[in-house]
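Listed below, chain by chain, are the residues.
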Amino acid sequence: LVWSIKNHAKYYTFIKIEDCIHSLHNEVCLPSNACLLTFDDGYIDHFETVFPILFENDIQGCFFPPAKAIIEHSVLDVNKIHFILASTNNCLDQLINDIYFMLDEYRVEYKLKLNDYYYKTLAKEGRFDSKKVIFIKKLLQLELDEELRNIITDRLFKKYVTEDVQSFSDELYMNLDQLKIMSQSGMYIGSHGYDHYFLDKLSPEKQEYEINQSIDFLSLVGTPLKNWVMCYPYGVYNRSLLKIIKEKNCGLAFTTKLDIASLSKK
């Protein structure tokens, strides 16, 4: 990371999030080849490895931790699924059979379709993942009812990873004190939602609840609440979400679209 930063410093000008906000709202041009560093999901190595390097080189990093994982010492479903997959990399068929078994178990209660329907509908080759992995991710992140998704994911996590969720969370994510230290040292701590939901799939009421909780979290960290910055979980958003965050003084938001960033107002 040190080599990468020093090498890129030859070609890019590292800027701060405040520079982006100022540019956006005042139509001021950024330096040529401006570069902003962002880090999602609040992992502990951001504090232990990334932060010291950035601080030593006087570079601001923008960190977007999901509030629930920090406040409640829980493990996000997306991370549970990652570690389940990592623990079953050589036996995905067994993992899928476990999922099928639980779908059979809950089929009547949750009015589920046949297992073949879910596989044929969801198992599409992805940019980075195989059909089987895509099937598992989409089923447990989007397709099923949220309550059932949580039940199945929790059972699989306990079987393949650990039953001690809190200890696992404490080893995986930063804590509130560490985030405060980073904020006080010039790093920027922004919103990545509370539950790390696909926010475009929520009702406007649930979107507002998620945003309110994430703003409360930013207040605990010490982030200024005027022109606070959002990083959409999974990069997704919709019109109702844009309306809500604008009303709540969000100054800038990031998605994951592969393109050159544009700060022009539309």
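This text goes with the structure placed above it.
Residues numbered from 1 in each chain as written. Predicted model: local features only at pLDDT ≥ 70, side-chain atom pairs only at ≥ 80, totals over all residues. Heavy atoms only, no water.

### Focus on the overall build of the chain
Reasoning step 1: Looking only at helices and strands, one finds 13 helices and seven strands in the chain.
Reasoning step 2: Over its C-alpha trace the chain gives a radius of gyration of 20 Å, about what one expects of a compact globule, namely 18 Å for 266 residues.
Reasoning step 3: For the chain, the C-alpha atoms occupy an extent of roughly 60 × 40 × 35 Å along the three principal directions.
Reasoning step 4: Looking at the chain as a whole, 45% of its 266 residues qualify as buried.
Reasoning step 5: Total accessible area on the chain is roughly 14,900 Å²; 50% of this is exposed by carbon and sulfur atoms.
Reasoning step 6: For the chain, the distance from the average position of its 30 positive side-chain charges to the average position of its 37 negative side-chain charges is 7 Å. (Helix = DSSP H or I, 4+ residues; strand = E, 2+ residues; numbered from the N terminus. Rg over C-alpha atoms; globule rule 2.2 N^0.38 Å. Buried < 20%, exposed > 50% of the residue type's maximum accessible area, 1.4 Å probe, protein only. Areas by Shrake-Rupley, 256 points an atom, 1.4 Å probe, with all protein chains shown as cover. Lys, Arg positive; Asp, Glu negative; His and termini not counted. Charge placed at Lys NZ, Arg CZ, Asp CG, Glu CD.)

### Focus: the side chain of Gln-178
Reasoning step 1: Inspection of the secondary structure puts Gln-178 in helix H11 (residues 176-184).
Reasoning step 2: The buried category is assigned to Gln-178, whose relative accessible area is 15%.
Reasoning step 3: Not counting chain neighbours up to four residues away, the residues in contact with Gln-178 comprise Ile-44 and Phe-47. (Contact = heavy atoms within 4.5 Å.)

### Describing the pattern of salt bridges
Reasoning step 1: Under the counting rule described, the total for this entry stands at nine salt bridges.
Reasoning step 2: In this structure, Lys-132 and Asp-93 form a salt bridge, with 2.6 Å as the shortest nitrogen-oxygen distance. With Lys-132 in helix H8 (residues 131-143) and Asp-93 in helix H6 (residues 92-110), this residue pair connects regions lying 39 residues apart in the sequence.
Reasoning step 3: A relative accessible area of 30% places Lys-132 in the partly exposed class. (Salt bridge = Lys/Arg side-chain N within 4 Å of Asp/Glu carboxyl O.)

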